[in-house]
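Coordinates in review
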Amino acid sequence: MKISCPKLVVDGELVRYEVSVTSEHLNTMKLFYELDKEHIEIVSDYADAALVGLLMPAMYYGEDIHLEGKVSENIYWNISFRLQKLLQIFIPSLSQINIYAKEIITRDESMQKGHECATGFSGGVDSFCTLADYFYNPLCPKSSKVTMLTFNNVGSHWGGKKGDELFLKGYNELLPAATKIGLPFVKIDSNLDEFYKNESELRFIKTLVMRNASVALLLQKGVRKFLHSSSHFYEHIAVNSNVQPITRTEPFIFRLLSSCDTMEILSIGSEYKRVEKIEIVSNIKESYKNLDVCTTEGAGKKNCSACIKCLRTLTALDVLGILELYKESFDLKTYKKNKNKFLGKVLARNNEFTNEIYELALKKKFAFPAMSYLYSVYYRLRYLIKKR
Ligand SMILES: [Zn+2]
């Protein structure tokens, strides 16, 4: 796989980072990342972003990478062997490949670092919790205080034309919340997903950490620190092919991609369990109208209030006694229809999240409705039969 020297092209109101990629398996394609021209000063012209974005497809096809642009010394050093080893543990069918770079840049203290501290903003519990600690908390050190929010399109929106539409829709829906929070909200579009070609081993859930890291490195000229909101509690961090998804390996991958002399990419928020995060987020009033936890297709601006993600959030809010605060982002009538059934699952305690809500309910002396006890008998039996 040959990756050309990155070019920054200004096209109307946009600036585009682009490279030509020549590959035996993918033919010749252009990889691009695109954002508003006003952010041009934070876009790096290094090949780091393209290298990180394309590493997993190249390993999947067993193609060595030949880079024509500049690459950061630490990134090159870590990607050449140790990061590949880690990715192979997670996906054993990936091959170890060689990386050839024409220009490896050693950075020293005299080279300027960016000033921004960025974090992705999806409106979800994890990203609001990051803001609670790294933006709203007056004790947060100045060097870690978030100054910029990002929203990217690297495959999380189902890909293709429909994915592009969902990406734009998602951004426009979150923009008022970002404006209210008072931070710039940078939209980064990309066709990176096309290089993953819907291959099962490269599907989004298995590769999203590397995809997101490529966007962080794209911004390394102006961003000194990139805070990535983790979804996992410390106990569930692991590098293991049996433990999905790849986000559980995040702290290790980001450490290897932090070229300490330029940019740090950090996985944060693992010190909290989900119910603890929900309680923290409930102190941010901007979350009341804008909390977005639902991934149900076509759910629109409001969360569907019936899927597992919605129900576990709503139940935690209910146990905390603050459900009404979120009446504008959820349909509480739909929740009430499903409440007893879901609380039955909580009482049957079959996974980490129902365990957490159950413990919270005990702590808060929450009164479970009688119907939920009946449902819990049914769910316990079902789980027992499944186990056999
Ligand atoms: Zn939902």
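Bear in mind that the values here come from a model prediction, so they are computed numbers and not experimental data.

**Things to note about the overall build of the chain**
- Along its length, the chain carries 13 helices and 11 strands.
- Taking 388 residues into account, the globule formula puts the C-alpha radius of gyration at 21 Å, and the chain, at 22 Å, falls close to it.
- With the C-alpha coordinates aligned to their principal axes, the bounding extent of the chain is approximately 70 × 50 × 40 Å.
- Within the chain, the fraction of its 388 residues that count as buried is 47%.
- The contacts in the chain between residues at least 6 apart in sequence include a share of 74% that link residues at least 24 apart.

**Quick word on helix H12 (residues 352–363)**
- For H12, with 12 residues, the first-to-last C-alpha span of 17 Å sits near the 16 Å given by 1.5 Å per residue.
- All of the buried residues in H12 are Phe353, Thr354, Glu356, Ile357, Tyr358, Leu360 and Ala361.
- Where H12 is buried, its residues contact helix H8 (274–281), helix H10 (308–320) and helix H11 (332–348).
- Lys365 lies just past H12 and shows a positive phi near 55 degrees.

**A few points about the domain arrangement of the chain**
- The domain boundaries assigned to the chain delineate domain 1 (2–105), domain 2 (116–268) and domain 3 (303–387).
- Averaged C-alpha coordinates put domain 1 and domain 3 at centres separated by 44 Å.

**Thoughts on the nonpolar core**
- Among the nonpolar cores identified, the biggest contains 111 residues, and Ile3, Leu51, Leu54, Leu55, Ala213, Leu257 and Ile357 are the most heavily contacted of them.
- Ranked by residue count, the leading element in this core is helix H1 (residues 48–61), at 10 residues.
- Non-local contacts of Ile357, meaning those with residues more than four positions away in its chain, are made with Val275, Thr315, Ala316, Val319 and Val346.

**Topic: the environment of Asn78**
- The residue Asn78 is located in helix H2 (residues 73–80) in this model.
- Sequence spacing of Asn78 and Ile253 is 175 residues, and the spatial spacing of their C-alpha atoms is 9.8 Å.

**A word on the pairing of strand E7 (residues 116–120)**
- Counting buried residues in E7 gives five out of five residues, a clear majority hidden from the surface.
- Where E7 and strand E10 (residues 223–229) come together, four bridges link them in parallel fashion. From the neighbouring strand, Glu116 faces E10, where its bridge partner is Val223.
- Across three bridges, E7 lies against strand E8 (residues 148–153) in parallel orientation. Across the sheet, residue Thr119 finds its bridge partner in E8, namely Leu149.

**What about helix H4 (residues 125–136)?**
- Burial analysis of H4 places 10 of its 12 residues in the buried class, which makes it a mostly covered element.
- Every buried residue of H4 is accounted for by Val125, Asp126, Ser127, Phe128, Cys129, Thr130, Leu131, Ala132, Tyr134 and Phe135.

**Quick word on the pairing of strand E9 (residues 185–190)**
- The sheet contact formed by strand E4 (residues 27–36) and E9 spans two bridges and is antiparallel. Across the sheet, the residue bridging to Glu34 is Asp189, located in E9.

**Details of the packing of helix H3 (residues 82–90) against helix H7 (residues 250–257)**
- Orientation of H3 relative to H7, taken along the N-to-C sense of each, is 160 degrees, at an axis distance of 10 Å. Overall, the two elements H3 and H7 adopt an arrangement that is roughly antiparallel. The two elements H3 and H7 meet at a crossing, and its hand is left-handed. Along its contact with H3, which presents Arg82, Leu83 and Leu86, the element H7 presents Phe252, Ile253 and Leu256.
- For the contact of H3 with H7, the residue count by class is five nonpolar, no polar and one charged.

**A closer look at unusual backbone geometry**
- Phi at Ser305 is positive, roughly 70 degrees, even though this residue is not glycine.
- For Ser305, the position within the fold is in the loop between helix H9 (286–290) and H10.
- Looking at Ser305, the number of C-beta atoms within 10 Å reads 24, which means it is buried.
- Its identity is not glycine, yet Arg349 carries a phi of approximately 40 degrees, on the positive side.
- In this structure, Arg349 sits in the loop between H11 and H12.

**Focus: the environment of Asn242**
- Within the secondary structure, Asn242 is located in the loop between E10 and H7.
- With 6 C-beta atoms counted inside 10 Å, the residue Asn242 sits in the exposed group.
- Sequence separation of Asn242 and Tyr373 is 131 residues, and the distance between their C-alpha atoms is 34 Å.

**Here's the deal with the packing of H1 against helix H6 (residues 204–218)**
- It is the contact of H1 with H6, at a shortest axis distance of 7 Å, that shows an interaxial angle of 170 degrees. One finds that H1 runs roughly antiparallel with respect to H6. Where H1 approaches H6, its residues Asp48, Ala49, Val52, Gly53, Leu55 and Met56 are matched on the opposing element by Thr207, Met210, Arg211, Ala213, Ser214, Leu217 and Leu218.
- For the contact of H1 with H6, the residue count by class is eight nonpolar, three polar and two charged.

Parameters and conventions
Residues numbered from 1 in each chain as written. Predicted model: local features only at pLDDT ≥ 70, side-chain atom pairs only at ≥ 80, totals over all residues. Helix = DSSP H or I, 4+ residues; strand = E, 2+ residues; numbered from the N terminus. Rg over C-alpha atoms; globule rule 2.2 N^0.38 Å. Buried ≥ 20, exposed ≤ 12 C-beta atoms within 10 Å, placed from the backbone. Contact = placed C-beta atoms within 7 Å. Expected span 1.5 Å × (residues − 1). Domains from an automatic or database assignment. Core = buried A, V, L, I, M, F, W, Y, C linked by C-beta atoms within 7 Å. Pairing = 2+ DSSP bridges. Axes fitted to C-alpha atoms, helices over the stretch in contact; angles between N-to-C directions. Parallel < 35°, antiparallel > 145°, perpendicular 65-115°, else oblique. Left-handed = near helix turned anticlockwise from the far one by under 90°. Nonpolar A, V, L, I, M, F, W, Y, C, P; charged D, E, K, R; others polar.

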